[in-house]
Number of protein chains: 2
Amino acid sequence: MARKPTKAATPPAVRANAKDSAHAGNDAVPASSRATRAAERRAAIVDAAMEEFIARGFAATRLDDIAKRAGVAKGTIYLHFKDKESMFEELVRTVIVPVVTRLTALPPPAGSVRDLVETFASNFLKEVIGTRRGDLVRLIVAEGPRFPSVADFYYREVVSRGIAAMRSLIELGIARGEIRQKNLAHYPQILVAPAMIAVIWQSLFARHAPLDAQDMLRVHLDLIFGERSTT
Amino acid sequence: MARKPTKAATPPAVRANAKDSAHAGNDAVPASSRATRAAERRAAIVDAAMEEFIARGFAATRLDDIAKRAGVAKGTIYLHFKDKESMFEELVRTVIVPVVTRLTALPPPAGSVRDLVETFASNFLKEVIGTRRGDLVRLIVAEGPRFPSVADFYYREVVSRGIAAMRSLIELGIARGEIRQKNLAHYPQILVAPAMIAVIWQSLFARHAPLDAQDMLRVHLDLIFGERSTT
DNA sequence: TGACTATGACTGACCGGTCAGTCATATCGT
DNA sequence: ACGATATGACTGACCGGTCAGTCATAGTCA
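Residues numbered from 1 in each chain as written. Chains lettered and ligands numbered in written order. Predicted model: local features only at pLDDT ≥ 70, side-chain atom pairs only at ≥ 80, totals over all residues. Heavy atoms only, no water.

Draft legend 1. Quick look at the overall build of chain A. The secondary structure content of chain A amounts to 10 helices and zero strands. In chain A, the order of α-helices and β-strands from amino to carboxyl end is α-α-α-α-α-α-α-α-α-α. Counting every position in chain A, which comprises 231 residues, the buried fraction comes to 44%. The long-range fraction of contacts in chain A, counting pairs at least 24 apart against all pairs at least 6 apart in sequence, stands at 64%. For chain A, the computed accessible surface area is about 12200 Å², with 57% contributed by carbon and sulfur atoms. (Helix = DSSP H or I, 4+ residues; strand = E, 2+ residues; numbered from the N terminus. Buried < 20%, exposed > 50% of the residue type's maximum accessible area, 1.4 Å probe, protein only. Contact = heavy atoms within 4.5 Å. Areas by Shrake-Rupley, 256 points an atom, 1.4 Å probe, with all protein chains shown as cover.)

See below:
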C-alpha cells in the first residue's frame, strides 16, 4: 500500500491521451461500446507484441515496450493475456490462422497443375514473403525449440497441412503427366523449400543482396514442370 | 540486499571442490603448460556456450550456466571474452570457420558435376544436418536480426561463398550438358534450399515427422540432373 | 430525461527475483 | 616470492507480474 501517499487528486490531463486513440485513424471517437474498445485494444496489443517480438525475440522483449507501443498501460496487457508466454502463443495463433485459411482457399480447379501451383506461389509471395508475416515465420523457427506448444501448433496447422496439400498437387501433376519426377511426391518439402528460403533470405540478407523471390520461384517451377513455352 | 555484509573470512572448505576438476575426466592434471590449459578452458567455454545458446537462445542463456557446464567460475569467462555479446559473436566464428574450410575443400575434380555436388551434399549431411552445427545455423537465423555483425559475418563467410561455389558448379553443369535449366545459375539458392530446409526440419519437426534428408537430397538432385541410370 | 449508483476497464507505482558484470581474495606456475 | 590466473560473493540495474485506486460508461429509478 502507501501508493501515492499524497496527491489524492490525480493529474487530470494524463488520461486525455487515450481520447484520440493513440494509434492511427481507425475509430470515430464516439463509436465504441465497451466490447468494441476492448477488441480494439486487444488488437493493438497483438500488433505491438508482434512488432516487438519480431524485432527482439521473445526473451529480450519487454512488456513495458509492448504496452507503450500499443498505447496502453502494462496492467492492461494482463487483462487480455495470462502472461508473456501465453501472449506469445496466442499471438502466433491469431496471426497465422487467417493466413492459412486464406491460402488454403484455392477454389479454381481450372487450368493445369502448374497454374494451380503458380497461383499458390503468387499468393504466398504476396501474403508472406517480405511481409511482417514472413518475419513471424522466422520468429517461429527461432523460438520453436523453446516453445514446444508453438512448434506443435505450427506443425499441425501449417506444416502438415501444407505438406499434404503440396503432395496431392504433386500427385495430380504426376497423374496428368505434368511432372516427371515420381519421387517428388515423397518430399513435398522440395516444392516449398525455395519459398521458405526466400522468407528467411528477406529477413536476414535482403540488405546484403536483394532477392527477386518471384523470379526465383518461377525458375524453380520451370525445373519441376519443365520450361514454359509462353513467357 | 544485505548480502553477507560481515563475514570477512570466507569458509575455507568450499573452494576444495575445484581441485578434482568438476567435469568428467579430460586432463591429466599435470600435463599442461599454461597456454595449453588456457586453450582447453577456452574451448570448454565455447562448447558449453554453444550448448546453452542453442538450447535457450542468446537472451535467455545465463552466464552462470555456461560457467557451470564448462567447469569454470563465472569470472573466468571474462578472462577470455569481453562480454556476453562478443562471446556469442566469437563463438559463431570459432564454430563456423572450420566447417566452411572443411566443406570448401573439395579436391577431386574428377567425375561428373553431379558427383561433385553429391559429394558436397553428402559432406554437408554429415557435417551439418542433424548435428549441433545444424542447430547453430538455426540459431543464427534466429538471432541474426539482433546481431547484425553475426549476420554480416555469416553472409560474408558462408552464404556468399556458398552461393558463388554453387553457381560455378551449376555453370559447369550447364556447360557440360548435365543441367538443362539455364536459369538455375541465377538462383543457386534453389540448389541448396532443400538442404537448408532439412537443417531446420531436424531442429523443429524431427519428433513429429522424421525426415530422411539423404534421400530427399537425392530426389532433389534427380530433379536437377535428371534421374540416375544406376542407383 | 436527468440524477444517482454500480461496474469493471484501465492505470502505473511497486515488489521481488534474476542475472550480467566486478573485484577482493586465493591459488598456481615458474 | 611474485605475477598470472582463477574464483565466486556481491552489486545494481532491470523486468515480469501485481493490485489498490480511478473514472468512463452502463444501468437504474423517479
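Draft legend 2. Local environment of the packing of aromatic side chains. Residues and elements named next belong to chain A. Evaluation of the coordinates by the stated rule reveals 18 aromatic pairs over all chains. Grouped by ring-pair contacts, the aromatic residues F53, F58, F88 and F147 constitute a single cluster. Stacked on the ring of F58, the Lys or Arg K84 has its end atom at 4.7 Å from the ring centre. (Phe/Tyr/Trp six-rings, centres within 6.5 Å; stacked < 30°, edge-to-face > 60°. Lys NZ or Arg CZ within 6 Å of the ring centre and 35° of its normal.)

Draft legend 3. How the structure looks around a positive patch on the surface. The grouping of R180 and K182 of chain A together with R180 and K182 of chain B at the surface amounts to a positive patch. For K182 of chain A, the location among the structural elements is in the loop between α8 (148–175) and α9 (189–204). (Patch = residues over 30% accessible without salt bridge, like charges linked within 9 Å, V, L, I, M, F, W, Y side chains within 5 Å. Salt bridge = Lys/Arg side-chain N within 4 Å of Asp/Glu carboxyl O. Lys, Arg positive; Asp, Glu negative; His and termini not counted. Charge placed at Lys NZ, Arg CZ, Asp CG, Glu CD.)

Draft legend 4. Spatial organisation of the relation of the copies chain B and chain A. Each copy superposes on the other: chain B lies on chain A with an RMSD of 0.1 Å after a rotation of 180° and an axial shift of 0.0 Å. In symmetry terms, the pair is related by a two-fold rotation axis. When each C-alpha of chain B is compared by its distance to the rotation axis, A142 of chain B comes out closest, at 2.0 Å. Both copies present the same face, since 100% of the interface residues in chain B are matched by interface residues at the equivalent positions in chain A. (Least-squares fit on C-alpha atoms with pLDDT ≥ 70 in both.)

Draft legend 5. Quick peek at the pattern of salt bridges. For the structure shown, the criterion picks out 36 salt bridges over all chains. Between R161 of chain B and E157 of chain B there is a salt bridge; the shortest N-O distance is 3.0 Å. Here R161 of chain B and its partner E157 of chain B are both found in helix α7 (residues 148–175), four residues apart, which amounts to about one turn of the helix. Through salt bridges with shared partners, one network takes in E52, R56, R62, D65 and R69 of chain A.

Draft legend 6. The arrangement of the interface of chain B and chain A in detail. Residue-level contacts link 47 residues of chain B with 47 residues of chain A. Summed over both sides, the interface of chain B with chain A buries roughly 4200 Å², with 71% coming from carbon and sulfur. Of all residues in chain B, Q181, Y187 and L223 of chain B bury the most surface against chain A, accounting for 16% of the area lost on that side. Across the contact surface, chain B and chain A share two salt bridges. The salt bridge involving D152 of chain B is made with R207 of chain A; its shortest N-O contact spans 2.9 Å. (Buried area = accessible area lost by both parts, 1.4 Å probe.)

Draft legend 7. How the structure looks around the environment of G57 of chain B. Relative to the helices and strands, G57 of chain B resides in the loop between α1 (34–56) and α2 (63–70). Classification of G57 of chain B by relative accessible area gives buried; the value is 1%. Linking G57 of chain B and E143 of chain B, residues 86 residues apart in sequence, is a C-alpha distance of 7.7 Å. The contacts of G57 of chain B, once residues within four sequence positions are left out, are R146 of chain A together with E52, L139 and E143 of chain B.

Draft legend 8. Looking closely at the confidence of the model for chain A. All names here are of chain A. Per-residue confidence for chain A gives a mean pLDDT of 84, with 83% of residues at or over 70. Per-element confidence in chain A is highest for helix α10 (residues 213–225), whose mean pLDDT is 97, and lowest for helix α1 (residues 16–19), whose mean pLDDT is 34. Predicted confidence for residues 1–31 stays below pLDDT 50, and this span has nine contacts to residues more than four positions away or in other chains. (pLDDT = per-residue confidence, 0-100.)

Draft legend 9. Molecular detail of the packing of helix α6 (residues 132–143) of chain B against helix α8 (residues 188–204) of chain B. Residue and element names in this part refer to chain B. It is the contact of α6 with α8, at a shortest axis distance of 9 Å, that shows an interaxial angle of 100°. One way to sum up the angle between α6 and α8 is to call them roughly perpendicular. In this structure, α6 contributes G134, D135, V137 and R138 to the contact, and α8 contributes M196, V199, S203 and L204. Of the residues contributing to the contact of α6 with α8, the split by class is four nonpolar, two polar and two charged. (Axes fitted to C-alpha atoms, helices over the stretch in contact; angles between N-to-C directions. Parallel < 35°, antiparallel > 145°, perpendicular 65-115°, else oblique. Nonpolar A, V, L, I, M, F, W, Y, C, P; charged D, E, K, R; others polar.)

Draft legend 10. Region of interest: the packing of helix α4 (residues 84–104) of chain B against α6 of chain B. All names here are of chain B. At a closest axis distance of 11 Å, the pairing of α4 and α6 adopts a crossing angle of 130°. Taken as axis vectors, α4 and α6 run oblique relative to one another. Here α4 runs over α6; the crossing is left-handed. Contacts between α4 and α6 involve F88, V92, V95, I96, V99 and R102 from the former and R133, L136, L139, I140 and E143 from the latter. (Left-handed = near helix turned anticlockwise from the far one by under 90°.)

Draft legend 11. Looking closely at α8 of chain B. Residues and elements named next belong to chain B. Across its 17 residues, α8 extends 25 Å between first and last C-alpha, which sits within 8% of the 24 Å expected from 1.5 Å per residue. Of all bends in α8, the biggest is about 35°, found at P194. Most of α8 is tucked away: 14 of the 17 residues are buried. (Expected span 1.5 Å × (residues − 1). Bend = angle between axes of the 7 residues up to and from the residue.)

Draft legend 12. Fine view of helix α7 (residues 132–143) of chain A. Residue and element names in this part refer to chain A. Here α7 is 12 residues long and its end C-alpha atoms lie 16 Å apart, about the 16 Å a rise of 1.5 Å per residue gives. With 10 of its 12 residues buried, α7 lies for the most part within the structure. What α7 keeps buried is the set G134, D135, L136, V137, R138, L139, I140, V141, A142 and E143. Where α7 begins, the side chain of T131 points an oxygen toward the backbone nitrogen of R133, at a separation of 3.0 Å. (Polar contact = N/O pair within 3.5 Å; in protein donor to acceptor, adjacent residues only side chain to side chain.)

Draft legend 13. Representation of the side chain of R114 of chain B. Residue and element names in this part refer to chain B. Relative to the assigned elements, R114 resides in helix α5 (residues 113–127). A polar atom in the side chain of R114 sits 2.8 Å from the side chain of D222. R114 has contacts with E178, R218, L221, D222, F225, G226 and R228, leaving out every residue within four places of it along the chain.

Draft legend 14. Structural view of the environment of A48 of chain A. Residue and element names in this part refer to chain A. On the secondary structure map, A48 appears in helix α2 (residues 34–56). When the C-alpha positions of A48 and A67 are compared, they lie 7.7 Å apart, and in sequence the two are 19 residues distant. Those residues in contact with A48 that sit more than four places away from it in its chain are I66, R69 and A70.

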